[in-house]
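# Secondary and tertiary structure notes
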Amino acid sequence: MDTDLTGSCQCGAVAFTVATAPLLTYACFCHSCQKRTGSAFSMGLIIPTEALQLSGDLTAWSRTSDDGNSNTRYSCSDCGNIIYGVGESSPGLAKLQAGLLEDTRNVEPEVYIWATSKQSWVTLPAHAQPFDTQPDDAMEMLAAAQTYREAR
Ligand SMILES: [Zn+2]
Ligand SMILES: [Zn+2]
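Predicted model only: the values in this text are computed from it and were never measured.

### Observations regarding unusual backbone geometry
The phi dihedral of tryptophan 114 is positive, around 55°, even though this residue is not glycine. Locating tryptophan 114 in the fold gives a position in the loop between strand S10 (111-113) and helix H2 (138-151). You can call tryptophan 114 buried: its relative accessible area is 10%.

### Here's the deal with the pattern of salt bridges
This model, assessed by the stated rule, comprises four salt bridges. Salt-bridge contacts for glutamate 108 lead to arginine 152; the nearest nitrogen and oxygen are separated by 3.4 Å. Separated by 44 residues along the polypeptide, glutamate 108 in the loop between strand S9 (93-97) and S10 and arginine 152 in the segment after H2 bring together distant segments of the chain. Glutamate 110 is the partner of arginine 152 in a salt bridge, and the nearest nitrogen-oxygen pair spans 3.9 Å. Highlighted residues: arginine 152 in the segment after H2 and glutamate 110 in the loop between S9 and S10, separated in sequence by 42 residues.

### Re the packing of aromatic side chains
In the structure shown here, the tally under the stated rule is three aromatic pairs. Centroid distance tyrosine 112 to tyrosine 148: 6.1 Å. Interplanar angle 55°. Geometry classified as tilted. Remark: tyrosine 148 occurs in helix H2 and tyrosine 112 occurs in strand S10; sequence separation between them is 36 residues. Neither residue differs from the other here; tyrosine 112 and tyrosine 148 are each classed as buried.

The rules behind the values
Residues numbered from 1 in each chain as written. Chains lettered and ligands numbered in written order. Predicted model: local features only at pLDDT ≥ 70, side-chain atom pairs only at ≥ 80, totals over all residues. Heavy atoms only, no water. Helix = DSSP H or I, 4+ residues; strand = E, 2+ residues; numbered from the N terminus. Buried < 20%, exposed > 50% of the residue type's maximum accessible area, 1.4 Å probe, protein only. Salt bridge = Lys/Arg side-chain N within 4 Å of Asp/Glu carboxyl O. Phe/Tyr/Trp six-rings, centres within 6.5 Å; stacked < 30°, edge-to-face > 60°.

Okay, structure coming up:
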């Protein structure tokens with residue numbers, strides 16, 4: 001994927017650039033992601049929080065995720081689009097919503113989490129090694145992404 005990714009919310013009030021290549025791309029099938037997207041799964045990029053440069057007004061909202069950690073989400077104050085989230089367990093890493101990128105054609109999940117609540121019709125790539133829930137340690141996600149890239 002290219003460096004210097006750019007994106008925006010639906011209404012355009014919030015725009016961002018990411019000054020570095022994402023650490024990994026993931027798909028999450030947890031119920032919270034299904035609720036907030038109204039869909040089967042969410043897709044996000046994990047990036048260093050400091051690499052995210054934003055303009056526009058954001059609203060913060062915190063919830064407890066399925067694994068018991070507090071997560072704070074930042075949404076556009078106008079249209080409500082979720083832009084990114086930061087978990088208390090790894091404050092240096094932000095989860096950026098992949099669908100907000102200007103160019104989403106090359107976005108491919110490398111790590112698949114909360115496969116226990118995945119719908120049966122969703123078929124993962126043969127070389128994917130999904131997690132039933134999600135690893136506590138972000139390094140496990142990185143290792144899984146590396147394995148996925150090598151098998152691709
Ligand atoms: Zn907006
Ligand atoms: Zn999720």
